[in-house]
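This is what each chain is made of:
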Amino acid sequence: MVKDRQVFHPVFGKGILLSVRKSPIRLQTECFVSFESGLKLWIPAYRLSGVDKELTQGIVKDGRVLKEEELKIKAHRMIEAFRLGIVPAEDVSDFTFGREVETKVIQKLLNNLKEGSGGAILIEGSYGAGKSHFLEYIKSEALKQKALVSSVVLSTQETTPARPKRVYRDIIANLRYRKDNFLKPPSSGIFLETIEGGFRDLLFSAAKNYRAPDFLDMKEHIFWAPVLKQLQRIEEDSYKAEVFWQWIEGESTKEYAVGRYVHNKRIVMPYRISGGWRIPALYDFSTAIDFYCYLISGLSYLARKLNYSGLVLLMDEVETIAFHGNSFYYERGTAFLDGLIKMAQNSPALKSFNTQLIHNQVRPTPYIYKDSYVLLVLASTPEPATMRFKSMVNAHIELEPLTAEHLSSCFEALLEYYKIAFPNVEILSTTKRQILENALKYHKAGVRYFLKYVVESLDTIRINRTFKFA
């Protein structure tokens with residue numbers, strides 16, 4: 001009897017097995033588990049320990065059991081990524097171990113966003129603790145829960161928070177979300193697939209829906225409202241449209257605006273963005289903090305109007321704010337991050353013009369347009385310069401190194417994928433034990449080195465059967 005058996009999941013922890021079922025093409029067994037957290041979920045049996053071995057065959061992706069060939073492709077993709085010490089973004093949920101507490105915090109914040117409440121969280125961890133992997137996990141979960149997601153890696157030069165326009169540009173360039181796509185195959189009826197969309201897809205959709213009587217409740221937004229109106233008029237796929245898009249996306253279009261000189265003759269570009277559109281410029285000032293918080297909150301508001309839960313904004317390497325060596329850039333960068341945190345928390349004080357805050361002097365705005373629907377995730381190594389953010393955010397996570405037990409589970413899962421990718425390789429139990437013992441030593445330098453060592457060891461065995469471990 002499988003019922004009432006205790007099982008363990010690397011993310012959700014201990015649970016009681018309630019029932020099992022076979023997938024339609026019988027490649028996979030799924031288990032219905034009641035976890036100690038209160039969650040009751042159908043989980044692929046291979047992700048659980050404590051179940052009979054014959055139940056742990058096959059893998060499900062997006063609610064569908066993978067065919068054998070698809071499973072091999074997935075396994076090869078994962079092994080190639082492990083050689084680099086990373087996990088493929090699309091498989092990150094299947095390969096997250098030992099983060100039960102942390103994932104509960106994230107799930108709660110994502111649920112809050114779905115209910116209409118944003119917030120901010122600071123994730124701290126030393127180099128190699130797995131921050132980047134955890135951010136990928138958050139991204140994967142946020143996309144599943146119908147949120148817009150964007151990732152930005154801060155730096156002291158290109159994407160410094162002291163230059164809000166550069167951060168905005170990266171947010172727009174990396175914006176992703178899942179959208180439904182209706183297809184018409186020749187031999188059957190219409191069916192639905194989910195594909196990934198970007199910033200232009202979102203604004204195309206918004207422009208189509210920007211109409212009377214409510215105009216998506218965005219008529220008062222001084223930037224997005226005229227932009228959406230203009231997108232309804234501009235000819236698609238034209239040079240002018242492309243320049244217009246690049247301008248909205250924060251790229252420099254100065255060349256098109258002012259023209260250029262050829263043989264001492266000034267040439268005005270025919271697709272230059274003309275004036276008189278009553279759209280504010282995208283200011284490059286370090287003081288334009290208000291304007292970019294206003295833009296980002298407006299984007300989250302727009303997402304909500306299009307039936308998405310909001311915007312999840314992931315910012316990695318926040319600690320670089322301390323590396324400027326220039327107090328001016330540090331103060332401006334800190335002020336921008338302060339503004340983003342309060343904007344994500346939907347602070348009432350930021351919904352109207354506030355003279356106590358930094359504003360640009362060309363077109364000052366409130367920091368928030370109406371209501372903000374943003375979950376801001378800041379990731380940093382432990383750094384005194386980021387302590388101020390710890391006191392401001394809604395939640396704080398300190399990522400501890402994975403334990404030997406969790407790494408052992410990670411190792412076993414990696415082995416399973418390796419066997420799927422290379423089914424003819426045989427590995428003795430003594431060899432497995434030796435690889436794990438050695439890999440645990442490499443883990444002191446980070447999970448990345450653990451993964452790389454395991455895969456390279458398995459590759460060595462596969463290619464050179466005479467290899468022996470020290």
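This is a predicted model, so every value here is computed, not measured.

### Quick look at empty space enclosed by the protein
Inference 1: Throughout the structure, instances matching the rule amount to 1 cavity of 30 Å³ or more.
Inference 2: Approximately 30 Å³ is the volume attributed to the largest cavity.
Inference 3: Around the largest cavity, the lining residues are Phe204, Leu231, Ile234, Glu236, Ala241 and Trp245.
Inference 4: Counted by class, the lining of the largest cavity contains 5 nonpolar, no polar and 1 charged residues.

### What to know about the sheet that holds strand 13 (residues 311-316)
Inference 1: In spatial order, the strands read 8-13-14-7-15; together these 5 strands make up an open sheet with parallel pairing. What marks the edges here is a single partner per strand, and that holds for strand 8 (148-153) and strand 15 (395-398). For this sheet the average axis-to-axis angle between neighbouring strands, irrespective of direction, equals 15°.

### Some details on the packing of aromatic side chains
Inference 1: Considering all chains together, one arrives at 22 aromatic pairs under this definition.
Inference 2: One cation-aromatic arrangement involves Lys146 over Tyr308; the distance from NZ or CZ to the ring centre is 5.3 Å.

### Notes on the side chain of Thr320
Inference 1: By the secondary structure assignment, Thr320 is in the loop between strand 13 and helix 10 (327-344).
Inference 2: When its relative accessible area of 9% is taken as the criterion, Thr320 is described as buried.
Inference 3: Separated by 2.9 Å, the side chain of Thr320 and the backbone oxygen of Glu317 make a polar contact.
Inference 4: In this structure, Thr320 is in contact with Leu154, Ser155 and Thr156, ignoring residues within four places of it in sequence.

What counts and what doesn't
- Residues numbered from 1 in each chain as written.
- Predicted model: local features only at pLDDT ≥ 70, side-chain atom pairs only at ≥ 80, totals over all residues.
- Heavy atoms only, no water.
- 1 Å grid on protein atoms, 1.4 Å probe; cavity = no way out; pocket = protein on both sides within 12 Å on 5 of 7 lines; lining within 4 Å.
- Points joined across faces, edges and corners; volume = space filled by probe spheres on them.
- Nonpolar A, V, L, I, M, F, W, Y, C, P; charged D, E, K, R; others polar.
- Pairing = 2+ DSSP bridges.
- Helix = DSSP H or I, 4+ residues; strand = E, 2+ residues; numbered from the N terminus.
- Axes fitted to C-alpha atoms, helices over the stretch in contact; angles between N-to-C directions.
- Phe/Tyr/Trp six-rings, centres within 6.5 Å; stacked < 30°, edge-to-face > 60°.
- Lys NZ or Arg CZ within 6 Å of the ring centre and 35° of its normal.
- Buried < 20%, exposed > 50% of the residue type's maximum accessible area, 1.4 Å probe, protein only.
- Polar contact = N/O pair within 3.5 Å; in protein donor to acceptor, adjacent residues only side chain to side chain.
- Contact = heavy atoms within 4.5 Å.

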